Amino acid sequence: MNLISNICSTLCPQLEDGEEARQTERAIDASLRFPTLGLIKGAAVWLVIALAFGIVSFIKLVSPDFMGDSATFTYGKVVPAFWNALVYGFAFNGGLACATWTIGRLTGKATGLNITLVIGIIAWNFSVLFGLGGIFWGDQTPFSLLEFPPYAAYMLLASFALIGFWALKTFNKRIFRSTFAAQWHLVAAVFAFIWILSVAIIMLYCAPVQGVFQGLVAAWYSSNLLGLVLFPMTFAALYYFIPKVFGTPIVGYRYSGIAFWTWMLFTAFSGPAALVNGPVPFWVSSIGVLATFGLLMPTTTLSIQFLSSLLGNFSNIWKTIAGRFLLIGALSFTLYSLLSIYASWRMTNEVIQFSLFDSGLMILGLLGFVGMTLIGGMYYILPRIVNKSLPSNIIDLQFWAQSFGLILMVGSLLYGGYQQGALLNGSSDSSLVTILTVSQSFLFVTILGAVFYLFGAVAFMVSYIWVTLSSRSETEKSAELVKASSDLEYSAS
Amino acid sequence: MNRGPFIFIGLFIILALSWAYTLDRPQAESGKLSPIGSSSERMPRETVGLAAKGKEVYQEMGCIACHTQQVRFESGSDIARGWGERQSVARDYIDQNPVLLGHNRIGSDLTNVGLRYEEADVLHQLFYNPRISSSKSNMPSYSFLYEERKIIGQASDNALVLPDEYAPEEGMEIVPTSKANALVAYMLSLKADYDLVEAPSLKKVDLK
């Protein structure tokens, strides 16, 4: 039944003349140009800022007197600033850039410049700024990935509500009633974020729960923030952009539904796994661990879908700009997901708990999977909304710097974190200072990797500025530069 | 098929169940604990006065980036390292708002740090410059919580006692600010030296 209705709606766009389709696309792009460009700019700037904080924090672990006299930039403030700038600054701006554009395109008609969306985006970025200011000012909370002070959390919720309102309203105006995998994930991400942030605000700030249960709420929030919000936004980017870039459908698309629901279900319950052996009721953390194992199912499906679609086009990947970023993103997803399942296995968890292994995983998830995929998506969008070609030399440099930096950072933190954890949790033989000397030897590699990634991020900013400011060449003035894209998100279903 | 509403309903159910089973139920089950005993016998010990201010400094400075406050029993080497004699349980945290569990251990667990240090001086020296006592430690120096000032008349009683190479110039002294005093008071107040039925200390268990 599903299939039939999908086929019906598939027929409509194909009946349209290619030229006419391109006209609609241009109208949609024009109506989204301002907000999408703003979001891409935000992503680029926040990525550079976040990485700068990251590098400072890693350096401080090796040489604690680096900027040691500064009360503002003390380690305990730079670390939350790093993660929060990375998540709410970079990942959300990048995710929303891909999301607004994808929702707009899939709605199938131009909806006009929407002032709610623009205000929401500006307010969002100001909230992030306020939140970071709050951390440095001394108002941080101890909840991971929500270290922003409460007032910034309220602001985030309010500004996201505006963006979410636009997204759902636009989704509702779609001209094809049947929906596509990218849309499920985007709608889910919007809905889930409003839900989880409201729950966190109520249970932590308005009517705070007792003691250790705040830790439980925080673990639930941070795990869902990744699993139900940022990752679905990124899945949507893979579902939407892979067929667009290569002109081939997603392999095994019909399993998307089951992958979507199992992913959402198991992720929603996996949060408490972070509190294993902690002072919470044993059964809660066990639910978390079990749910994490359940993630093996959607992980397999999603990985097969993305990786076989990408590898099937392997020879074309290097000819496209967006494609290679998507490849690194998809590879990072598979690795991330498998490693987090491995990490929640009792035997492993006993070794790595409280070590830097966790940071390595987060970097793989945020800079690898989310970061690389979204950058790929943004590079697909950019030439279309400004009708200019990309500076491929700079982007080549960016791609290699980021990939190399990613490998160094993730490799050193995972391997080193494992060593550190083994010494820390295994026995009490080695003192903390001995363990430090072990961790510091691999932290040098982490710093090097972060510098490479930062270099790539700067290149990202440069190429953004280049694209927006350079004067147009003859082809760029004409409408021929961008060809009508295939309607694959329809025919693939 | 128009899947719009279907997605919302499905997600709503998933999120509601996840909230009910992983947040609300455990909270309803053991999230309304009350202290045992009162005044000096009270378990857990109350953090009041200067120590409560110090907890705010701890939070503001982000000590949580490196220090946990939870002793594990089932796994890890917490007890062997002398970080505590028993596992931390929910009742230990009932007064903490916000809770400072922590999830990173670059430094030690601080649940019982007040049992390991008796004097404020040692802690002041640690916060002023952790490299004095442990040259390879990577704990940041919190020297900005201390004030260097000219000795006028008699030297202050609170002035830090520092080894020669760290000592200030002649005629100068280093004194803690109110934040530093509060932080030290908080550290000294951290001790879970009471037994709870739900987590008897290991020594007691051995005796039985």
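Residues numbered from 1 in each chain as written. Chains lettered and ligands numbered in written order. Predicted model: local features only at pLDDT ≥ 70, side-chain atom pairs only at ≥ 80, totals over all residues. Heavy atoms only, no water.

Caption draft 1: Inspection of the side chain of B:Ser143 at higher detail. Within the fold, B:Ser143 resides in the loop between helix 4 (120–128) and strand 1 (146–150). Every residue in contact with B:Ser143, bar those within four places of it in the chain, is listed here: A:Asp69, B:Phe127 and B:Tyr128. (Helix = DSSP H or I, 4+ residues; strand = E, 2+ residues; numbered from the N terminus. Contact = heavy atoms within 4.5 Å.)

Caption draft 2: Looking closely at the pattern of salt bridges. In total, this model carries 17 salt bridges over all chains according to the counting rule given. A salt bridge links A:Asp65 to B:Arg131; the shortest N-O distance between them is 2.8 Å. You can see A:Asp65 sitting in the loop between helix 2 (18–62) and helix 3 (75–107) and its partner B:Arg131 sitting in the loop between helix 4 and strand 1, one on each of two chains. Given the relative accessible area of 51%, A:Asp65 is considered exposed. On the basis of relative accessible area, B:Arg131 is assigned to the buried category, the value being 10%. Note that B:Asp78 is salt-bridged to B:Arg72, the shortest N-O span being 3.2 Å. The exposure classification of B:Asp78 matches that of B:Arg72, with both residues buried. Within the structure, one salt-bridge network assembled from shared partners comprises A:Arg22, A:Glu25, A:Asp29 and A:Arg105. (Salt bridge = Lys/Arg side-chain N within 4 Å of Asp/Glu carboxyl O. Buried < 20%, exposed > 50% of the residue type's maximum accessible area, 1.4 Å probe, protein only.)

Caption draft 3: Quick look at the environment of A:Gly417. Residue and element names in this part refer to chain A. Within the fold, Gly417 resides in helix 15 (residues 392–426). It is 9.2 Å that separates the C-alpha atoms of Gly417 and Phe354, two residues lying 63 residues apart in sequence. Setting aside chain neighbours within four positions, we find Gly417 in contact with Ser355, Leu356, Phe357, Ser412 and Phe442.

Caption draft 4: Region of the structure containing the packing of helix 6 (residues 181–206) of chain A against helix 1 (residues 4–30) of chain B. Close contact between helix 6 of chain A and helix 1 of chain B brings their axes to 10 Å; oriented N to C, the two are set at 30°. Taken together, the axes of helix 6 of chain A and helix 1 of chain B are roughly parallel relative to one another. Considering how the two elements wind past one another, helix 6 of chain A and helix 1 of chain B form a crossing that is right-handed. Residues A:Trp184, A:Val187, A:Ala188, A:Phe191, A:Ala192, A:Trp195, A:Val199 and A:Met203 of helix 6 of chain A lie in contact with helix 1 of chain B, whose contacting residues are B:Ile7, B:Phe8, B:Leu11, B:Phe12, B:Leu15, B:Ala16, B:Trp19 and B:Leu23. Its residues assigned to classes, the contact of helix 6 of chain A with helix 1 of chain B shows 16 nonpolar, no polar and no charged. (Axes fitted to C-alpha atoms, helices over the stretch in contact; angles between N-to-C directions. Parallel < 35°, antiparallel > 145°, perpendicular 65-115°, else oblique. Left-handed = near helix turned anticlockwise from the far one by under 90°. Nonpolar A, V, L, I, M, F, W, Y, C, P; charged D, E, K, R; others polar.)

Caption draft 5: Seen up close, a positive patch on the surface. Residues and elements named next belong to chain A. Together, Lys109, Lys169, Lys173 and Arg177 make up a region of like positive charge exposed at the surface. Relative to the helices and strands, Lys169 is located in helix 5 (residues 150–172). Assessed through its relative accessible area of 32%, Lys169 is described here as partly exposed. (Patch = residues over 30% accessible without salt bridge, like charges linked within 9 Å, V, L, I, M, F, W, Y side chains within 5 Å. Areas by Shrake-Rupley, 256 points an atom, 1.4 Å probe, with all protein chains shown as cover. Lys, Arg positive; Asp, Glu negative; His and termini not counted. Charge placed at Lys NZ, Arg CZ, Asp CG, Glu CD.)

Caption draft 6: Quick peek at the interface of chain A and chain B. Listed as interface residues are 83 residues of chain A and, on the opposing side, 74 residues of chain B. Around 6600 Å² of area is buried between chain A and chain B when both sides are counted, 65% of it from carbon and sulfur atoms. At the boundary of chain A and chain B, one finds one salt bridge. On inspection of chain A and its partner chain B, the count reaches 22 residue pairs in polar contact (both at pLDDT 80 or more). Grouping the amino acids of the side of chain A that touches chain B by side-chain chemistry returns 47 nonpolar, 28 polar and eight charged. (Buried area = accessible area lost by both parts, 1.4 Å probe. Polar contact = N/O pair within 3.5 Å; in protein donor to acceptor, adjacent residues only side chain to side chain.)

Caption draft 7: The packing of aromatic side chains, seen in detail. Residue and element names in this part refer to chain A. In total, this model carries 48 aromatic pairs over all chains according to the counting rule given. Centroid distance Phe58 to Phe82: 6.2 Å. Interplanar angle 65°. Geometry classified as edge-to-face. With a gap of 24 residues between them, Phe58 in helix 2 and Phe82 in helix 3 connect regions that are remote in the sequence. Phe82 matches Phe58 in its accessibility class, with the two residues each being buried. Ring pairs connect the aromatic residues Phe231, Phe235, Tyr239, Tyr253, Trp263, Phe306, Phe333, Tyr336 and Phe369, which therefore count as one cluster. (Phe/Tyr/Trp six-rings, centres within 6.5 Å; stacked < 30°, edge-to-face > 60°.)

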